[in-house]
Amino acid sequence: MPKVKIPRKSVAIDMTPMVDMAFLLVTFFILTATAKPDEPLTVVKPASETAKSIEPNSRIEISVSDDGRVFFDMTNKNNRAILIKQMAATYKISLTSDEALSFSLLGSFGEPMDSIKAFLDRTPPERKLIPEPGIPCDSLNNQLADWLDYARHISGSNTPVTLRADQNANYSVVNKVINTFKDKNATRFLLVTDPAGKAPVAKK
Amino acid sequence: MSTRIDMTPMVDLAFLLVTFFIFTTTFSKPKVMEVVVPDKKIDTANVPKVSKDEALTIMLGNNGRVFYYFGIAKADSMPTIENTSFAPTGIRKILSDFNDKVIAAQKANYPDKPAKGPTVLIKPLPTSKYSSLVAILDEMKITNIQIYALVDIQKYEADAISDIK
């Protein structure tokens, strides 16, 4: 009887299409990911159990450090050039186009208007060496109100306003910021917190 | 020699990168609590009055201390101020018990109206920490309090707290 010849198959499979797909996904995620700008202050967020997550879309974010300094950020980089132009005009400061550009690339910042020109002239590593004094938000000199007002005017009053305060920040500073929100009609805002263990929510 | 190269390590690396990017993008979603504060232009004369049986005032002191009293306080007649904490048996139990009590009373008195529950006034001391504020707003959500407001503390209330050791 003749022998039946079984064709010998290779065990190695062609992985090229799989590699193609994997690198396509890598490229997709790299391109959709947005780079996080350098944050000048570290905020330890308080824990909360009932917080919900929001989409990290464009928003106006006010941060408060543990020693009570107030920082401002508008995450939509495209609108920041208009924002700094309007603020500079209001405070009668002339900025060069280089300074306006470096403002657009900033993350959150805490410089009063009278020193913002000198601040923007420094290189990013130099900025880290000098602590930023925070944006004044007293009733006599409320620059935060102007920042908020122009930012909401440019990006629309539906843009979420978030308050990211350190857990050890004093309520008096937080209250000043909340009062500024009230003054500028931003009566709906979001407190950024860290999720803690889920607690059972009472049934109605 | 075969012209084929082993692509397994390359696939491993590619999927590792995919996993990394998937996780970092979803974890960057910020967690937030929504707060709504009243407009400053509101006519204070037409604000609905709170019945004294349905009012609870919570005051946040230094070092995460919590004080509360029921009813309405005036400078000359302060109700007894109690001292509690953020432990689950502390302010959370008081809030949920008071919520149940007021809702039961509202259902008994006005059976045809939906029960709104108590009105809670939150008054943080200027020197209290922000974490206390977030903790108490968290408790409002957990105990399902419908009506609560963030109010500035009165001087007589701050004085009354400072007497409590």
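Numbering of residues starts from 1 in each chain and follows the order in which that chain's sequence is written. The naming scheme follows written order: chains are lettered A onward, ligands numbered 1 onward. In keeping with the predicted nature of the model, local features appear solely for residues at pLDDT of at least 70, side-chain atom pairs appear and are counted solely at 80 or more, and the whole-chain, interface and lining totals rest on all residues. With hydrogens and water excluded, all non-hydrogen atoms of the structure serve as input to the side-chain values.

Participant: Got a minute to help me understand the overall build of chain B in this structure?
Facilitator: Runs of H or I in DSSP of at least four residues are treated as helices and runs of E of at least two as strands, each being numbered from the N terminus. From N to C terminus, chain B includes four helices and six strands. The linear arrangement of helices and strands in chain B, starting from the amino end, is α-β-β-β-β-α-β-α-β-α. Since a compact globule built from 165 residues should have a radius of gyration of about 15 Å, the 25 Å found for chain B marks it as more spread out than a globular shape. The C-alpha extent of chain B, read off along each of the three principal axes, is 100 × 45 × 40 Å. Measuring between centres, the 20 positive side-chain charges of chain B sit 1 Å from its 18 negative side-chain charges. Atoms considered for the radius of gyration are the C-alpha atoms alone. The globule rule reads 2.2 Å times the number of residues to the power 0.38. Asp and Glu are treated as the negative residues and Lys and Arg as the positive ones, with His and the ends of the chain left uncounted. Lysine's charge is taken at NZ, arginine's at CZ, aspartate's at CG and glutamate's at CD.

Participant: I tried to follow the interface of chain B and chain A on my own but got confused; where do I start?
Facilitator: Quoted interface sizes are often the accessible area lost when the parts come together. With 46 residues of chain B at the interface, the matching set in chain A holds 56 residues. With both sides pooled, the region where chain B packs onto chain A buries about 4,700 Å², and carbon together with sulfur makes up 66% of that total. By convention in these notes, a salt bridge is any Lys or Arg side-chain nitrogen within 4 Å of a carboxyl oxygen on Asp or Glu. For the pair chain B and chain A, the interface holds two salt bridges. In this structure, the salt-bridge partner of Arg-188 of chain A is Glu-34 of chain B, at a minimum N-O distance of 2.5 Å. In the analysis that follows, any N or O atom pair within 3.5 Å is treated as a polar contact, provided that within protein one partner can donate a hydrogen and the other can accept it, and provided that, for residues neighboring in sequence, both atoms belong to side chains. Joining chain B to chain A, the criterion identifies 16 residue pairs in polar contact (both at pLDDT 80 or more). Secondary-structure elements contributing two or more residues to the side of chain B that touches chain A are α1 (8-27), β1 (31-36) and α3 (130-142) of chain B. Just so you know the grouping, Ala, Val, Leu, Ile, Met, Phe, Trp, Tyr, Cys and Pro go in nonpolar, Asp, Glu, Lys and Arg go in charged, and all remaining residues, Gly too, go in polar. A class-by-class count of the residues in the side of chain B that touches chain A yields 25 nonpolar, nine polar and twelve charged. A pair of strands counts as paired when DSSP detects no fewer than two bridges linking them. Where strand β2 (residues 52-53) of chain A lies against β1 of chain B, two bridges are found, and the strand directions are antiparallel. When the bridges of β1 of chain B are listed, Ser-53 of chain A appears paired with Lys-31 of chain B. In what follows, residue pairs with any heavy atoms lying within 4.5 Å of each other are defined as contacts. Two parts placed together each lose some accessible area under a 1.4 Å probe, and the buried area is that loss summed for both.

Participant: I'm lost on the sheet that holds strand β2 (residues 55-60) of chain B in this one. Help?
Facilitator: Two orientations exist for strands paired in a sheet by backbone hydrogen bonds: parallel and antiparallel. Residues and elements named next belong to chain B. Ordered by their spatial adjacency, five strands build an open sheet running β4-β3-β2-β5-β6, and the pairing between neighbours is mixed. The open sheet has two edge strands, β4 (82-84) and β6 (147-150), and neither has a second partner. Each adjacent strand pair in this sheet contributes to an overall mean axis angle of 25 degrees, direction not counted. As paired strands, β2 and strand β3 (residues 66-70) are joined by five bridges and run antiparallel to one another. Its bridge partner being in β3, Met-59 is matched across the sheet by Phe-67. To get an axis, a line is fitted to the C-alpha atoms, and for a helix only the part in contact is used. The angle between two axes follows their N-to-C directions and goes from 0 to 180 degrees. Along the sheet, helix α4 (residues 155-163) contacts β2, β3 and β5 (119-124); its crossing angle with β2, the most-contacted strand, is approximately 65 degrees.

Participant: Would you mind going over unusual backbone geometry with me for this structure?
Facilitator: Negative phi values dominate among residues other than glycine, just as trans dominates among peptide bonds. At Asn-185 of chain A, a residue that is not glycine, the phi angle is positive and equals roughly 70 degrees. Summarising the element assignment, Asn-185 of chain A is placed in the loop between α7 (171-183) and β6 (188-195). Partly exposed describes any residue whose relative accessible area lies between the buried limit of under 20% and the exposed limit of over 50%, with all areas from a 1.4 Å probe on protein chains only and scaled to the type maximum. Under the relative-accessibility criterion, Asn-185 of chain A is labelled partly exposed at 36%. Even without glycine at this site, Asn-144 of chain B takes up a positive phi of about 60 degrees. Residue placement: Asn-144 of chain B occurs in the loop between α3 and β6.

Participant: Which parts of the structure should I look at to understand the confidence of the model for chain B?
Facilitator: A low pLDDT score tells you not to read the predicted coordinates there in detail. Residue and element names in this part refer to chain B. For every residue, the predictor states its confidence as a pLDDT score lying anywhere from 0 to 100. Per-residue pLDDT for chain B has a mean of 83; in total, 92% of the residues score no lower than 70. Least confident of the elements in chain B is α4, whose mean pLDDT is 81; most confident is β5, at 90. Predicted complex metrics record ipTM = 0.77 and pTM = 0.78.

Participant: Can you walk me through the pattern of salt bridges in this structure?
Facilitator: Where charged atoms from two side chains of opposite charge approach closely, those side chains can pair. For the coordinates displayed, the defined rule picks out 14 salt bridges over all chains. A salt bridge links Arg-92 of chain B to Glu-49 of chain A, with the shortest nitrogen-to-oxygen separation between them at 3.5 Å. In this pair, Arg-92 of chain B is assigned in helix α2 (residues 91-109) and Glu-49 of chain A in the loop between β1 (47-48) and β2, connecting two distinct chains. Relative accessible area serves as the criterion here: at 19%, Arg-92 of chain B is assigned to the buried category. In the salt-bridge network here, residues are joined through shared partners; they are Glu-49 of chain A together with Arg-92 and Glu-139 of chain B.

Participant: What is the right way to look at the nonpolar core in this model?
Facilitator: Nonpolar side chains in soluble globular proteins tend to be buried together. Each nonpolar core is a collection of buried residues, namely Ala, Val, Leu, Ile, Met, Phe, Trp, Tyr and Cys, held together in the definition by side-chain atoms within 4.5 Å. Counting 60 residues, the largest nonpolar core has Ile-62, Phe-72 and Trp-147 of chain A together with Ile-58 of chain B as its most contacted members. If we ignore the near neighbours within four places in the chain, the residues touching Ile-62 of chain A are Val-70, Phe-71, Phe-72, Leu-144, Leu-148, Val-161, Thr-162, Leu-163, Arg-164, Val-177 and Phe-181 of chain A. Met-59, Ala-73, Leu-125 and Ala-160 of chain B belong to the second-largest nonpolar core, a separate cluster that totals nine residues.

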